[in-house]
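Breakdown of the fold
These are the residues of each chain, in order.
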Amino acid sequence: MNKAEIKHCDKLGNIIKYNDVVAVAHHNSLIIARVIKINPKMIKIKQFNNTSRYNSGEHNKYAEDMVVIPEKDAVIY
């Protein structure tokens, strides 16, 4: 018996896949992050340019709260 593949869609209806680059609100700012794990309810992301030494930059967020960014636009960031 195969485990059903988990599918999440972003705010614009695009399917979020592993290793996608996303923009998501975190506390009172907008962060750019990479999808590192897809869970049944939430998506785990790893924040780019994390300068804090007190947290790892990994957060669980709902798929409806993020937008997938094209890879070429994220390289500019």
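Quick summary incoming for the structure in this document. Along each chain, residue indices are assigned from 1 in the same order as the chain's sequence is written. Side-chain atom pairs in this predicted model are given and counted only at pLDDT of 80 or more, local residue features only at pLDDT of at least 70, and totals for whole chains, interfaces and linings cover all residues. Water and hydrogen atoms play no part in the side-chain values, which are based on all heavy atoms of the structure.

Notes on the nonpolar core
We call a set of buried Ala, Val, Leu, Ile, Met, Phe, Trp, Tyr and Cys residues a nonpolar core when their side-chain atoms join them within 4.5 Å. Three exposure classes are used, based on accessible area relative to the maximum for each residue type with a 1.4 Å probe and protein chains only: buried under 20%, partly exposed in between, and exposed over 50%. By size, the foremost hydrophobic cluster in this structure holds 10 residues: Ile16, Val22, Val24, Ile31, Ala33, Val35, Ile43, Ile45, Ala63 and Met66. A helix here means a DSSP run of H or I that spans at least four residues, while a strand means a run of E at least two residues long, and both kinds are numbered starting from the N terminus. Broken down by element, the residue count for this core peaks at 3 residues, all from strand S4 (residues 29–38). With sequence-adjacent residues up to four places away left out, Ile16 is seen in contact with His8, Cys9, Asp10, Val35, Ile38, Ile43, Ala63, Met66 and Val68. Val21, Ile32, Ile69 and Ala74 belong to the second-largest nonpolar core, a separate cluster that totals 5 residues. Here, two residues are considered to be in contact whenever any of their heavy atoms come within 4.5 Å of each other.

A word on unusual backbone geometry
A positive phi angle, close to 80°, is found at Asn19, a residue other than glycine. Mapping Asn19 onto the fold places it in the loop between strand S2 (15–16) and strand S3 (21–26). Positioned with a positive phi, His27 is a non-glycine residue whose angle comes to about 55°. Judged by its relative accessible area of 76%, His27 is exposed.

Overview of the side chain of Asp10
With respect to the helices and strands, the residue Asp10 is situated in the loop between strand S1 (8–9) and S2. Under the counting rule used here, the positive set is Lys and Arg, the negative set is Asp and Glu, and His together with the chain ends is not counted. One side-chain nitrogen of Lys or Arg within 4 Å of one carboxyl oxygen of Asp or Glu is enough to make a salt bridge. The buried charged residue Asp10 lacks any salt bridge partner; its closest oppositely charged side chain belongs to Lys17, at an N-O distance of 9.6 Å. Any pair of nitrogen or oxygen atoms within 3.5 Å is treated as a polar contact; in protein, a donor-acceptor pairing is required on top of that, and neighbouring residues in sequence qualify only through side-chain atoms on both sides. Within the structure, Asp10 has its side chain in polar contact with the backbone nitrogen of Leu12 (distance 3.1 Å). A distance of 3.0 Å separates a polar atom in the side chain of Asp10 from the backbone nitrogen of Val68. Not counting chain neighbours up to four residues away, the residues in contact with Asp10 comprise Ile16, Ala63, Met66, Val67 and Val68.

Notes on the sheet that holds strand S7 (residues 66–69)
Any two strands with at least two DSSP bridges between them are considered paired. Read from one edge to the other, the open sheet built from 5 strands follows the order S6-S5-S4-S3-S7, with strand pairing classed as antiparallel. In this open sheet, the two edge strands, each paired with only one partner strand, are strand S6 (58–61) and S7. Mean inter-strand twist for the sheet, computed between neighbouring axes without regard to direction, equals 45°. When S4 meets strand S5 (residues 43–47), the two strands line up antiparallel, connected through 5 bridges. Considered in S5, the bridge of Val35 is made with Ile45. To define axes, lines are fitted to C-alpha atoms, for helices over the stretch in contact only, and angles between the resulting N-to-C directions are given on a 0 to 180 degree scale.

Here we look at the pattern of salt bridges
If you walk through the whole model with that rule in mind, you get 2 salt bridges. Its salt-bridge partner being Glu71, residue Arg34 comes within 3.2 Å of it at the nearest N-O pair. Residue Arg34 is found in strand S4, and its partner Glu71 is found in helix H1 (residues 71–76); the two are separated by 37 residues along the sequence. Across the pair Lys44 and Glu58 runs a salt bridge whose closest N-O atoms are separated by 4.0 Å. Of this pair, Lys44 sits in strand S5 while Glu58 sits in strand S6, placing them 14 residues apart in sequence.

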